[in-house]
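Survey of secondary and tertiary structure
Take a look at the letters that make up each chain.
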Number of protein chains: 2
Amino acid sequence: MVGSEFDDEDPNFGYVTPENVALFTDLYELTMLQGYYRANHTPRATFSLFFRDLPPNRGYVLTAGLEQAIASVESLSFGELALSYLRDRGFEDEFLDELADFEFTGELRALPEGTPVFPNEPILEVTAPIFEAQLFETILLNQVGYQCLVATKAARMREAVERYGDDQSLVDFGCRRSHGTDAGMKAARAAVVGGFDGTSLVSAGETFDIPVYGTMAHSWVQSFENERDSFSTFIEQYGDDPILLVDTYDSVEGARIAMDVANEHDIEVGVRLDSGDLAVLSNEVEAIVGDAPIFVSSSMDEYKIVEFFENGGVATGFGPGTALTTSEDAPSLDLVYKLTEIERDGEMRPSMKLSSGKVTFPGAKSVYRVRSGEGDETYEKDVLALRNEDVAGVEAADDQLVTVFENGNRVIDLPHLDAIADRAGERRRKLPVRCRALHESEEYSVEISDGLRALTDELQAELAAD
Amino acid sequence: MVGSEFDDEDPNFGYVTPENVALFTDLYELTMLQGYYRANHTPRATFSLFFRDLPPNRGYVLTAGLEQAIASVESLSFGELALSYLRDRGFEDEFLDELADFEFTGELRALPEGTPVFPNEPILEVTAPIFEAQLFETILLNQVGYQCLVATKAARMREAVERYGDDQSLVDFGCRRSHGTDAGMKAARAAVVGGFDGTSLVSAGETFDIPVYGTMAHSWVQSFENERDSFSTFIEQYGDDPILLVDTYDSVEGARIAMDVANEHDIEVGVRLDSGDLAVLSNEVEAIVGDAPIFVSSSMDEYKIVEFFENGGVATGFGPGTALTTSEDAPSLDLVYKLTEIERDGEMRPSMKLSSGKVTFPGAKSVYRVRSGEGDETYEKDVLALRNEDVAGVEAADDQLVTVFENGNRVIDLPHLDAIADRAGERRRKLPVRCRALHESEEYSVEISDGLRALTDELQAELAAD
């Protein structure tokens, strides 16, 4: 019987709450957990979270969402609502008692947020009794994947204004089209990681302490007798420096009226363009408003921004929306969480699967990032190696993976979002220019170390022979 | 200064909570609201929520998310957290007092969930003082748009198994790749609206009372010495009818081992295929497992399902994931919320904007769905008309828009999700077959009534002349 949840007294429009978040998991995780528990099968395991292929047009992915991943590991707990639902579904009391006491006791290593990452490189690795490590599969994939997509999309737009424009301001306008409310929040955060200046989403401003921006909608303009009255009233309420939306009836005429009204009130105004041939209009409008801010919205993304500049457009800022928060040309990342090591007879042994087209590299790993000789300003290549493998030409300190949890305790402090954004910008600019291209980017070189290659071949042969 | 929210004592991985949901809005809504309030500009307004273009490959969109939209209208309220954040941002006390007392007093009409809808038709209309109606723009767009996308995507997969297969079971496996946690929840719900049988997401099962399904992951298999042990242990824990994942090493060999182990334990098992040439493998596996369930996952969507059947594949069910929860080939809907009527001198007057490429039809509307003569089994066309317009050949009762709120009070009960799903299936099957095609669907005819056409032309001429 499929029902309605509407008798809920206090609907949470986001739906995931501290009470039910432990249930934000695929059923099979809990089925397996109960199986592991009942069979007393509790080997330590290492799981690696990575993707196999870059999304279309991307030469790199920018990591984001680690903070939320860490929060999941640190505070996941099964309360009465969760336990009682699972009891009704036939899970057994002894197992549920185990869940009620659930605590993470393992190790977690991760790439810091704002790090460029490439196929097969672990974004994070969890090593813990399989009962613990398995549980986090669904939530970790969910927390990390989407923010990586948005941070990457945002970084591409930042790249576009850096290369083709004048490093204009970028503000996330996309919460209305994000996939639900949580996505709107995470997109605003990840956009900052990727290089955005702020968001229009007030709740994201409140939660993440991000600058919040906004102008006015067409409905403001339409609700008055005429455009002039609508601008006057806005200025009377808000004084200096408002951004007036001028395209409700005719953008150029709107800009003229905006300037008129500004002059009457003896203040400065900016204008927003939201439709039409933006490059052409921006020039016509600039001729009227001079060096006042011209803010451009209307379905902007990295491609439209480049086109805008190539057609001679003038703007002081952009408000990308839908394309950003849905990562429109690449709405998914094939992120997976795969077992790569398992304890047998007291020792960790590498493990892999052979599923057609979905082979995984076995073992816990290190990701070495090798700089080119020229002033260390550019990354030359990565080496994906076994953890603790002795790799010629790299130093252990170049391992990009950082230990976040040891024995269940978090051992690092989390950086502020502005520090993450700075780091992301620096690291992105160290990538070879052609790997940052917006179209047909060149592949960045990720070498597989000798040790990892040999182990993979050996294990593959062994499993195939079985 | 951009900060970290991580000192939050009780992280809510979903981020939107009853405390901050009122702030899930673009800043400009609140800026405009304060402007309306201070200017004492409180005309009644009608806003229409609609899209201009069908997403690619779609001949229709299925409505979903009305229940969540209604919850937003019914229970949006500004608590201390929200008010104090806004106060810090410079909003004024008098205005904040107004927000603290906020209550919806208007009217809301909507298409019931599970209704096919076409460009320019209102999915919902809000009529209220502009102070109220404006506030809901962001949250309504967010609540409705994504569920429409997923319900539509799900309906296309249901269409695929109805037409090309044997109406196989469909289960949502996509929460790990959804855009955040709220999307995972809403996708599970919307998938049921579109014709899915259930979800793997436990929290969605709990919240929406949807059937929850699951099997096992590759890590279960890899965590044991060999595949045989992994299957035996699973069967020993779970007894009859488990679905065993057979592709970790070799799908056909895996199916043989699964049957062996099942025979040893004298029980029935099913198998899950998750990689490789699924049509070919499903036949090879069927030769081994006979009429046992064969469940197919691995990046399924409506196109892959059709291809699978066209290549002679055999399956009892499918577990689409990423493509469903990201609506992968159409991750956004150009849903907008536009002012179409405004009170002037005590009367409601139609309103529209002329923005290039974004012209809106003015006025409150009705959507008439005209059935063909043949037993009323097929929809022939829609007529989009002015509300209360006398349209030849249609009856007022054929208006698809239903009154949900009157004077701020909800006047209808909400149907259960299973009733919505039934209705969606019936209505979808009444659409002309060619408008339901998965590729190059034919456009469904939406006529603009004489009255709406005349008013649009008249108003456009009038505004252009200004």
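The rules behind each value
Residue indices begin from 1 for each chain and proceed along its sequence in written order. Key to labels: chains lettered from A, ligands numbered from 1, both in the order written. Local features are withheld for residues below a pLDDT of 70 in this predicted model, meaning they are given only at 70 or higher, and side-chain atom pairs are given and counted only at 80 or more; totals for whole chains, interfaces and linings count all residues. The helix count covers DSSP runs of H or I at least four residues long, the strand count covers runs of E at least two residues long, and both are numbered beginning at the N terminus. With C-beta atoms placed from the backbone, a residue is buried if 20 or more other C-beta atoms are within 10 Å of its own, exposed if 12 or fewer are, and partly exposed between those counts. Residues are defined as contacting one another if the C-beta atoms placed from their backbone atoms lie within 7 Å. Basically, the charged four are Asp, Glu, Lys and Arg, the nonpolar ten are Ala, Val, Leu, Ile, Met, Phe, Trp, Tyr, Cys and Pro, and anything else, Gly included, counts as polar. We place the copies in one frame by least squares, fitting the C-alpha atoms of every residue whose pLDDT is at least 70 in both. Being paired, for any two strands, means DSSP has found at least two bridges between them. Seen with its strands pointing away from the viewer, a crossover is right-handed if its path from the first strand over the helix to the second goes clockwise. Domain extents, as shown, originate in an automatic or database domain assignment. For helices, the fitted axis covers only the stretch in contact; all axes are lines through C-alpha atoms, and the angles between them, taken along N-to-C directions, range from 0 to 180 degrees. Should an angle lie under 35 degrees it is considered roughly parallel, over 145 roughly antiparallel, and from 65 to 115 roughly perpendicular; all remaining angles are considered oblique. By definition, pLDDT measures how confident the predictor is in each residue, and it falls between 0 and 100.

1. Description of the overall build of chain A
Of regular secondary structure, chain A possesses 16 helices and 18 strands. Taken over the C-alpha atoms alone, chain A extends approximately 85 × 65 × 40 Å along its principal axes. Of all 466 residues assigned to chain A, the portion counted as buried reaches 56%. Nonlocal contacts in chain A, meaning residues at least 24 apart in sequence, comprise 71% of its contacts between residues at least 6 apart.

2. What about the interface of chain B and chain A?
Facing 112 residues of chain B, the contacting portion of chain A comprises 112 residues. For the side of chain B that touches chain A, the per-class residue count stands at 48 nonpolar, 46 polar and 18 charged.

3. Thoughts on the relation of the copies chain B and chain A
Once turned by 180° and shifted 0.0 Å along the axis, chain B lies on chain A with an RMSD of 0.0 Å. Interpreted geometrically, this transformation is the action of a two-fold axis. Proximity to the rotation axis, assessed at the C-alpha, singles out B:D182 in chain B; its C-alpha lies 2.7 Å from the axis. Taken together, the interface assignments show that 99% of the residues at the interface of chain B recur at the interface of chain A, consistent with an identical surface on both copies.

4. A short note on the pairing of strand 9 (residues 270–273) of chain B
Successive side chains on a regular strand alternate, one facing one side of the sheet and the next facing the other. Residue and element names in this part refer to chain B. Relative to strand 9, strand 8 (residues 243–245) runs parallel, the two being bridged by three bridges. Bridged to I243 within strand 9 is G270. At this point the chain moves from strand 9, through helix 12 (residues 278–289), to the parallel strand 10 (residues 294–296), and the crossover so formed is right-handed.

5. Points about the domain arrangement of chain A
All names here are of chain A. Domain assignment breaks chain A into domain 1 (21–150 + 330–465) and domain 2 (152–325). For the side of domain 1 that touches domain 2, the secondary-structure elements that each account for two or more residues are strand 2 (61–62), helix 6 (137–164) and helix 15 (417–430). The leading source of residues in the side of domain 1 that touches domain 2 is helix 15, at six residues. Grouping the constituent residues of the side of domain 1 that touches domain 2 by class yields twelve nonpolar, three polar and four charged.

6. Thoughts on the environment of B:V296
Residue and element names in this part refer to chain B. Positionally, V296 belongs in strand 10. Along the primary structure V296 and T316 are separated by 20 residues, whereas in three dimensions their C-alpha atoms are 8.1 Å apart. When neighbours within four sequence positions are excluded, V296 is seen to be in contact with L273, L278, S282, F308, A315 and F318.

7. Re the sheet that holds strand 5 (residues 124–129) of chain B
Residues and elements named next belong to chain B. Strand order in the open sheet formed by seven strands is 13-12-1-5-3-16-17, and the pairing between neighbours is antiparallel. Edge strands, defined here as strands with exactly one partner in the open sheet, are strand 13 (347–350) and strand 17 (409–410). Running at roughly 140° to strand 12 (residues 335–344), helix 6 (residues 137–164) makes contact with strand 1 (44–51) and strand 12 of the sheet.

8. Brief notes about unusual backbone geometry
Among all residues save glycine, negative phi is the norm, and among peptide bonds the norm is trans. Backbone geometry places A:N120, a non-glycine residue, at a positive phi of 75°. Classification of A:N120 as partly exposed rests on a count of 19 C-beta atoms within 10 Å.

9. Quick notes on the environment of A:K153
Residues and elements named next belong to chain A. Relative to the helices and strands, K153 is located in helix 6. In this structure K153 comes out as buried when scored by C-beta crowding, with 29 C-beta atoms within 10 Å. Each C-alpha atom of the pair K153 and V61 lies 8.8 Å from the other, and the pair is 92 residues apart in sequence. Apart from the residues lying within four places of it in its own chain, the contact partners of K153 are G194, L324 and S327.

10. Observations regarding the packing of helix 7 (residues 181–194) of chain A against helix 15 of chain A
Residue and element names in this part refer to chain A. At a minimum axis distance of 7 Å, the contact between helix 7 and helix 15 shows a crossing angle of 45°. Overall, the two elements helix 7 and helix 15 adopt an arrangement that is oblique. Between helix 7 and helix 15, the contacting residues are R189, V192, V193 and G194 on the first element and L417, I420, A421 and A424 on the second. In the contact of helix 7 with helix 15, the residues fall into six nonpolar, one polar and one charged.

11. Overview of the sheet that holds strand 7 (residues 198–199) of chain A
All names here are of chain A. If you walk across this open sheet you meet the six strands as 7-6-11-10-9-8, and the pairing is parallel. Whereas interior strands pair on both sides, the edge strands pair on one side only; in this sheet they are strand 7 and strand 8 (243–245). Across three bridges, strand 9 (residues 270–273) lies against strand 10 (residues 294–296) in parallel orientation. Its bridge partner being in strand 10, L273 is matched across the sheet by V296.

12. So, the confidence of the model for chain A
Considering every residue of chain A, the mean pLDDT works out to 93; 96% of them sit at 70 or more. Residue range residues 1–11 of chain A is modelled with pLDDT below 50. Its contacts to residues more than four positions away, or to other chains, number 23 contacts.

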